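Architecture and fold: a report
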Amino acid sequence: MDLETIRTLIEFVGRSGVSELVVGENGTIVRISNDRSKRTAADPKPQRGRHAEAPPVDQGDRPQTQPADGRTVKAPVFGVLHRAPNPGARPFVEEGDVVEVGQSLCIVEAMKVFNTVSAHRAGPITRIFASDGQEVEAGQPLMEIG
């Protein structure tokens, strides 16, 4: 995502009544918040894009996004978990399936943005912690790769 697109999104959030916007593109996720509750009477104007930050995203073998054992796959953002690519389709993976690095495991939908969660290591899926359609928190364990 280029800087100009991010600036445009920040301006949109500042002008609109939106309190938070999460946008993802090519594995990059940007969260823009506009906390209107912190404004005072002396500061009546919206504070455009108080901050733009990217929440932790599971991308490859980055040790800071994985637990010490590196087995748990975590949700990159708050949203709704989709275990299949389309409604009615077979899930991406089931317990016992052997996955390769980079293989799609599930999707977390946040504000109509679909964030694909990929395997950070190869091995069998030993546990699935979250159900299809369940709301998940950023950092919540979704699956375990043995």
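Residues numbered from 1 in each chain as written. Predicted model: local features only at pLDDT ≥ 70, side-chain atom pairs only at ≥ 80, totals over all residues. Heavy atoms only, no water.

1. Describing the overall build of the protein chain
What counts is decided by this rule: In this text, helices come from DSSP runs of H or I with a minimum length of four residues, and strands from runs of E with a minimum of two, each type numbered from the N-terminal end. Only protein chains enter the accessibility calculation, which uses a 1.4 Å probe; a residue is then buried when its area is under 20% of its type maximum, exposed when over 50%, and partly exposed in between. We call two residues in contact when some of their heavy atoms are within 4.5 Å. Using a 1.4 Å probe, accessible areas were evaluated by the Shrake-Rupley method; residue-level cover was limited to the displayed protein chains.
Helix and strand counts for the protein chain come out as 1 helix and 11 strands. Its helices and strands in sequence order give the protein chain the pattern α-β-β-β-β-β-β-β-β-β-β-β, from N to C terminus. In the protein chain, which comprises 146 residues, the proportion classed as buried is 36%. Considering only contacts within the protein chain whose residues lie at least 6 apart along the sequence, 51% involve residues at least 24 apart. Put simply, the protein chain shows about 8,300 Å² of open surface, and 51% of that area lies on carbon and sulfur atoms.

2. Looking at the pattern of salt bridges
Put simply, the test is: Basic side-chain nitrogens of Lys or Arg form a salt bridge, by our definition, when they fall within 4 Å of a carboxyl oxygen of Asp or Glu.
Under the criterion given, the structure shown has 3 salt bridges. Across the pair Glu144 and Arg71 runs a salt bridge, and its minimum N-O distance is 3.0 Å. Highlighted residues: Glu144 in strand β11 (residues 141–145) and Arg71 in the loop between β3 (51–53) and β4 (72–74), separated in sequence by 73 residues. Residue classification places Arg71 among the partly exposed positions, given a relative accessible area of 29%. Measuring nitrogen to oxygen at the nearest pair gives 3.4 Å for the salt bridge that ties Arg83 to Glu94. Pair noted here: Arg83 is in the loop between β5 (79–82) and β6 (98–99) and Glu94 is in the loop between β5 and β6, with a separation of 11 residues, a long-range link. In this structure Glu94 comes out as partly exposed when scored by relative accessible area, which is 35%.

3. Considerations on the sheet that holds strand β7 (residues 104–110)
In plain terms, the rule: Pairing between two strands is assigned when DSSP locates at least 2 bridges connecting them.
Strand order in the open sheet formed by 4 strands is β8-β7-β5-β10, with antiparallel pairing between adjacent strands. Each having just a single partner strand, β8 (113–118) and β10 (135–136) make up the two edges of the open sheet.

Treat this as a map of the structure, not an account of what it does.
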